[in-house]
Amino acid sequence: MATADEQGISRRGMIRAMGVCAAAALGAGAAEPGGQRDPARRPGQSSVLGLAHPPMDRVRIGMIGMGGRGMSLLRNLLDLDGVAITAVCDIVAQRTAAAQARVAEKGQPAPAGYSAGETDFERLCQRDDVDLVYVATPWECHAAMAVEAMNAGRHVAIEVPAAITLQECWDLVDTAERTQRHCIMLENCCYGEIEMLVLNMVRQGMFGEVTHGEAGYLHPFAEGLIGTADSAVWRRRHLQESDGNLYPTHGLGPVAMYMDVHGGDRFSTLVSMSSCERSLSLVRDQLPAGDPRHQEAYACGDVNTTLIKTALGRSIMVQFDIVTPRPYDRINMVCGTQGTFRDYPPRIFLKGKTPGHAWDTDLEPYFQEHGHPLWKKLKSQAIESGGHGGMDFLMNWRLIQCLRAGRPLDMTVYDAAAWSSVFPLSIASVAGGSMPVPVPDFTRGQWNEPRPLLAQDA
Ligand SMILES: NC(=O)c1ccc[n+]([C@@H]2O[C@H](COP(=O)([O-])OP(=O)(O)OC[C@H]3O[C@@H](n4cnc5c(N)ncnc54)[C@H](O)[C@@H]3O)[C@@H](O)[C@H]2O)c1
């Protein structure tokens with residue numbers, strides 16, 4: 001296979017996307033599957049698989065980033081027992097004030113507020129009355145904020161993706177291992193009612209041996225992305241700078257759970273290809289003459305398709321497209337030797353059960369028989385509290401419940417790192433002409449040890 005240099009691809013571009021560790025790995029021939037050398041665990045670090053801390057009567061939370069997502073998470077957290085919001089932070093003072101007011105409206109003491117610039121979140125992390133820090137800021141802030149929180153002795157829950165360079169992925173792993181803090185990514189889609197039904201069915205062997213999965217984030221909002229709100233501006237900046245799969249985890253997280261990644265399998269290699277860019281430019285071209293956004297060019301192709309190979313030889317397709325006009329879709333498909341599930345709309349085919357060649361689209365009997373106990377128990381509360389059909393409530397409920405019970409969490413820093421690593425690795429693969437790129441083993445060899453099954457004992 002031609003090397004990236006032979007193809008005239010910018011080595012500097014790839015190194016920037018992959019981060020320092022991967023850059024070193026490239027030099028070691030890591031572009032060949034199996035040729036990677038993951039950095040060794042440093043003295044003073046130990047695995048955080050199965051990490052548990054003493055039970056907490058109340059979980060005291062500090063939140064960084066009180067924009068759209070932060071306020072939505074706050075609403076769920078205020079609906080939970082055993083939670084105290086002790087501090088909130090946003091660089092926009094009105095957003096900090098709005099979050100403080102929301103907490104007070106719910107009858108809790110108004111939390112401390114931090115708005116004095118880009119680094120004021122550090123003071124929130126230093127507070128002794130914060131057990132857990134939520135991070136809901138733009139992508140490029142996530143890892144540094146999480147590392148700061150863990151170094152201050154806090155557990156951390158980070159919005160998606162948890163990190164956007166390979167170096168940041170390793171920083172999260174290394175810091176969690178050194179500080180022995182929980183560090184998870186808030187991948188709410190793992191807690192969807194359908195995803196948890198499918199997970200149960202996979203675990204019960206109904207699809208036989210799982211061989212393939214498909215996932216995606218196909219969410220058209222080009223008209224919103226071109227806007228001037230800061231949430232549009234920072235997202236658009238990533239599309240200007242990078243070509244790859246820039247929001248992989250909503251689709252990939254649930255499929256990784258179906259495949260028991262880090263409980264018996266792991267991602268080993270990926271290849272990635274992007275289409276040409278057209279749709280966002282088209283929307284930009286409709287802006288009034290003289291608008292400064294006419295100067296913008298978008299690096300990211302309309303549709304990115306990434307293929308991951310796992311250590312057990314399974315394959316996963318992950319797509320990213322936030323500009324093509326089409327219905328919302330996370331694909332959410334799993335194929336096994338005994339059947340297939342495909343979402344949007346949800347449908348099942350089981351060998352020897354589903355007649356003919358058509359999908360079974362009536363999921364009700366499956367929900368009755370295999371629906372997840374957590375959804376059966378909490379459905380009305382989850383829907384009332386809200387957030388993506390209740391999945392957000394369930395995710396937050398489960399995180400708080402585990403901390404209060406002193407149990408290991410459903411997701412680990414290794415999941416956060418591996419799922420998020422698709423962001424930089426897909427950029428590197430696209431830049432290298434869709435070359436195969438090794439996915440680091442963030443567990444450093446522990447990927448096939450049994451792990452607690454997601455919310456199994458709810
Ligand atoms: N899981 C989901 O379903 C879901 C949904 C939406 C967004 N998200 C994620 O949530 C995050 C935030 O997205 P959003 O849509 O709320 O964006 P947003 O722009 O609305 O909110 C981000 C907030 O962070 C603040 N901020 C930026 N830098 C800061 C700093 N240094 N210190 C303190 N505050 C700072 C901004 O002022 C802003 O209020 C992103 O990572 C996004 O991917 C996840």
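Remember, predicted model here, so these are calculated numbers, not experimental data.

A. Geometry of helix α6 (residues 166–179). Between its terminal C-alpha atoms α6 stretches 20 Å, which fits the 20 Å expected from 14 residues at 1.5 Å a residue. Two residues or fewer after α6 comes Gln180, characterised by a positive phi angle close to 55 degrees.

B. Geometry of the site of the ligand. Around the ligand sit 26 residues, and of these Gly65, Gly67, Arg69, Glu159 and Ser231 come closest. Among the secondary structure elements, those contributing two or more residues to the shell around the ligand are α2 (68–78) and α9 (230–241). Here the shell around the ligand is composed, by residue class, of 12 nonpolar, 8 polar and 6 charged. Structurally, the shell around the ligand is a two-domain feature, drawing no fewer than three residues from each of domain 1 (59–186) and domain 2 (190–438).

C. The arrangement of α2 in detail. Within α2, the full set of buried residues consists of Gly70, Leu73, Leu74, Asn76 and Leu77. The buried residues of α2 occupy an angular sector of 160 degrees when projected down its axis, which confines them to one face. Buried residues belonging to α2 abut β1 (59–64), β2 (83–89), α3 (93–105), β4 (132–135), α13 (373–385) and α14 (391–405).

D. Looking closely at the packing of α13 against α14. Running from N to C, α13 and α14 point in directions that differ by 115 degrees, and their axes come no closer than 8 Å. The two elements α13 and α14 cross, and the hand of that crossing is right-handed. Within the contact between the two elements, α13 uses Leu374, Leu378, Gln381, Ala382 and Ser385 and α14 uses Phe393, Leu394 and Trp397. For the contact of α13 with α14, a count of residues per class yields 6 nonpolar, 2 polar and no charged.

E. Spotlight on the sheet that holds strand β10 (residues 315–321). What the 8 strands build is an open sheet, ordered β13-β12-β11-β7-β10-β9-β8-β14; its pairing is mixed. Lying at the two open borders of the sheet, with one neighbouring strand each, are β13 (347–350) and β14 (437–438). Here 3 bridges tie strand β11 (residues 333–336) to strand β12 (residues 339–342), and the two strands are oriented antiparallel to one another. Each residue of the ladder has a partner; that of Gly336, found in β12, is Gly339. Packed onto the sheet, helix α15 (residues 413–431) meets β8 (267–274), β9 (304–310), β10 and β14 and runs at close to 50 degrees relative to β8.

F. Molecular detail of the nonpolar core. Of all hydrophobic cores here, the largest spans 128 residues; its most connected members are Met63, Tyr134, Ala146, Leu172, Val413, Ala416 and Ala417. Sort the elements by how many residues they give to this core and α15 lands first, with 13 residues. Residues lining this core come from more than one domain, with at least three contributed by each of domain 1 (59–186) and domain 2 (190–438). Here Ala416 is in contact with Ile158, Ala162, Leu172, Cys183, Ile184, Met185 and Met411, once residues within four sequence places are set aside.

G. The arrangement of the environment of Ala146 in detail. On the secondary structure map, Ala146 appears in helix α5 (residues 142–151). For the pair formed by Ala146 and Asp171, sequence separation is 25 residues and the distance between their alpha carbons is 9.4 Å. The contact partners of Ala146, leaving out residues within four places of it in the chain, are Val135, Val156, Ile158, Leu172 and Cys183.

H. The arrangement of the domain arrangement of the protein chain in detail. Its domain assignment divides the protein chain into domain 1 (59–186) and domain 2 (190–438). Taken together, the residues of the side of domain 1 that touches domain 2 break down into 24 nonpolar, 7 polar and 1 charged.

I. Layout of the sheet that holds β1. Spatially, the 6 strands line up as an open sheet ordered β3-β2-β1-β4-β5-β6, and their pairing is parallel. Since the sheet does not close on itself, it has two edges, and those belong to β3 (112–114) and β6 (183–185), each with one partner. Going across the sheet, the axis of each strand differs from the next one's by a mean of 20 degrees, ignoring polarity. When β4 meets strand β5 (residues 155–158), the two strands line up parallel, connected through 4 bridges. Each bridged residue has a counterpart across the sheet, and for Leu132 the counterpart in β5 is His155.

J. Region of the structure containing the pairing of β10. Pairing geometry for strand β7 (residues 210–218) and β10, over 7 bridges, is parallel. The residue of β10 that forms the bridge with Gly216 is Gln319. Judged from the 6 bridges that link them, β9 and β10 form a sheet pairing that is antiparallel. The partner of Leu307 across the bridge, within β10, is Met317. Connecting β9 to the next strand, β10, in antiparallel fashion are 4 residues, including Gly313 with a positive phi near 90 degrees.

K. Structural context of the confidence of the model for the protein chain. Mean pLDDT over the protein chain stands at 92; residues scoring 70 or higher make up 91%. Contacts for the low-pLDDT stretch residues 1–35, under 50 throughout, to residues beyond four places or in other chains number 58 contacts.

What counts and how
- Residues numbered from 1 in each chain as written.
- Predicted model: local features only at pLDDT ≥ 70, side-chain atom pairs only at ≥ 80, totals over all residues.
- Helix = DSSP H or I, 4+ residues; strand = E, 2+ residues; numbered from the N terminus.
- Expected span 1.5 Å × (residues − 1).
- Near = placed C-beta within 6 Å.
- Nonpolar A, V, L, I, M, F, W, Y, C, P; charged D, E, K, R; others polar.
- Domains from an automatic or database assignment.
- Buried ≥ 20, exposed ≤ 12 C-beta atoms within 10 Å, placed from the backbone.
- Arc of directions from axis to C-beta.
- Contact = placed C-beta atoms within 7 Å.
- Axes fitted to C-alpha atoms, helices over the stretch in contact; angles between N-to-C directions.
- Left-handed = near helix turned anticlockwise from the far one by under 90°.
- Pairing = 2+ DSSP bridges.
- Core = buried A, V, L, I, M, F, W, Y, C linked by C-beta atoms within 7 Å.
- pLDDT = per-residue confidence, 0-100.

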